[in-house]
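Here's the letter readout for the chains.
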Amino acid sequence: MAKNNGKQSGTGVEAVDFGYRKVSPQEKTQLVGGVFSAVAQRYDVMNDFMSLGTHRLFKRMLVELSGARSGHRLLDLAGGTGDVAALLAGIAGPTGQVVLADRNADMMRVGRDRLLDRGHANVSFCQLNAEALPFPSDSFDAVTLAFGIRNFTSKANALRELRRVLKPGAALLVLEFSQPQGRALQAAYNGFQGLWPLVGRAVVGDPQPYRYLVESIRVHPDQKQLKLLMEDAGFARVSYHNLLGGIAAIHRAEVASP
Ligand code: SAM
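Participant: Is there a simple way to explain the packing of helix H7 (residues 183-193) against helix H9 (residues 208-219) in this structure?
Facilitator: Helices that pack against each other are described as a pair by the angle of their axes relative to one another and the distance between those axes. Between H7 and H9, whose axes approach to 11 Å, the crossing angle comes to 155°. Here H7 lies roughly antiparallel to H9, going by the angle between them. For the pair H7 and H9, contact is made by Tyr 189, Asn 190 and Gln 193 and by Val 214, Ile 217 and Arg 218, respectively. In terms of residue class, the contact of H7 with H9 is made up of three nonpolar, two polar and one charged.

Participant: Can you help me understand the nonpolar core in this one?
Facilitator: Taken as a class, soluble globular proteins show a tendency for nonpolar side chains to be buried jointly. In this structure, Val 98, Leu 175 and Trp 196 are the most contacted members of the largest nonpolar core, which totals 48 residues. Looking at this core element by element, the count peaks at six residues for helix H4 (residues 83-92). Listed in part, the 30 residues of the second largest apolar core include Leu 77, Leu 133, Ala 158 and Met 230.

Participant: Would you explain H4 in this entry?
Facilitator: Helical periodicity: at 3.6 residues per turn, an α-helix aligns residues three or four positions apart in one direction. Where burial is concerned, most of H4 is hidden: seven out of the ten residues are buried. When we look at burial in H4, the residues that qualify are Asp 83, Val 84, Ala 85, Ala 86, Leu 88, Ala 89 and Ala 92. Lining the buried residues of H4 we find helix H3 (54-66), strand E4 (73-77), strand E5 (97-102), helix H5 (105-117), strand E6 (123-127) and strand E7 (140-146). Just downstream of H4, Gly 93 is the residue with a positive phi angle, here 70°.

Definitions and limits used
- Residues numbered from 1 in each chain as written.
- Predicted model: local features only at pLDDT ≥ 70, side-chain atom pairs only at ≥ 80, totals over all residues.
- Heavy atoms only, no water.
- Axes fitted to C-alpha atoms, helices over the stretch in contact; angles between N-to-C directions.
- Helix = DSSP H or I, 4+ residues; strand = E, 2+ residues; numbered from the N terminus.
- Parallel < 35°, antiparallel > 145°, perpendicular 65-115°, else oblique.
- Contact = heavy atoms within 4.5 Å.
- Nonpolar A, V, L, I, M, F, W, Y, C, P; charged D, E, K, R; others polar.
- Core = buried A, V, L, I, M, F, W, Y, C linked by side-chain atoms within 4.5 Å.
- Buried < 20%, exposed > 50% of the residue type's maximum accessible area, 1.4 Å probe, protein only.

Rendered as structure tokens:
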């Protein structure tokens with residue numbers, strides 16, 4: 001079983017991580033919403049800076065590994081500003097359908113504009129909570145989830161929901177920051193992360209969302225822990241691929257065929 005790091009908050013409710021702070025689940029939901037509303041307009045610029053452009057390559061790999069095909073019905077969960085959904089839309093084509101789903105209206109507004117500008121008519125938009133998906137069971141051929149799961153209040157609830165909505169044999173692909181392998185890489189990466197709040201102040205006008213980003217990466221489950229969480233949620237054939245020495249990782253998990 002994956003380990004549970006939860007502690008009780010003062011109210012007796014199980015506390016959850018918001019970066020280094022322990023907060024109630026309701027507070028985390030509000031705080032995460034505030035972070036993404038604050039950065040939505042400059043989110044893509046900051047992503048390019050913080051990843052030195054590599055997130056684009058990682059997202060292509062994510063889509064490639066999903067097995068997405070023409071005519072498929074695909075979900076990009078926590079899809080934010082829509083770059084993964086745009087890749088999926090090109091693959092699904094006119095006979096397929098892509099749902100860009102996110103909790104935050106400000107992030108999705110940027111995503112909707114991007115997809116409409118590019119003329120993708122096969123994408124629909126759904127504002128939702130990943131932990132209670134408003135879709136029938138067995139309804140998607142693949143789900144992608146890029147840099148989203150770290151922010152969820154209950155990863156276990158979201159993973160159970162994802163397993164429910166995927167068809168038998170279909171795959172969940174999760175791209176997320178992970179644990180760098182080796183001390184030298186970890187030290188260099190720590191130094192680079194120290195710049196993010198400074199650049200956040202310069203670009204977005206507020207360092208706080210980027211302090212949260214650094215902290216949330218450091219408390220996020222590592223590769224093996226996330227694999228266990230997926231297995232606990234009922235996924236089969238869970239594997240992962242380290243990217244840039246484990247700075248990020250792609251986990252692939254399948255719903256077992258009957
Ligand atoms: N997938 C995009 C990407 O890779 O650039 C956006 C990732 S952004 C770091 C994380 C996204 O997760 C935000 O748009 C946020 O609103 C969304 N999110 C956080 N908690 C969520 C939840 N419970 N349900 C759905 N979306 C959520």
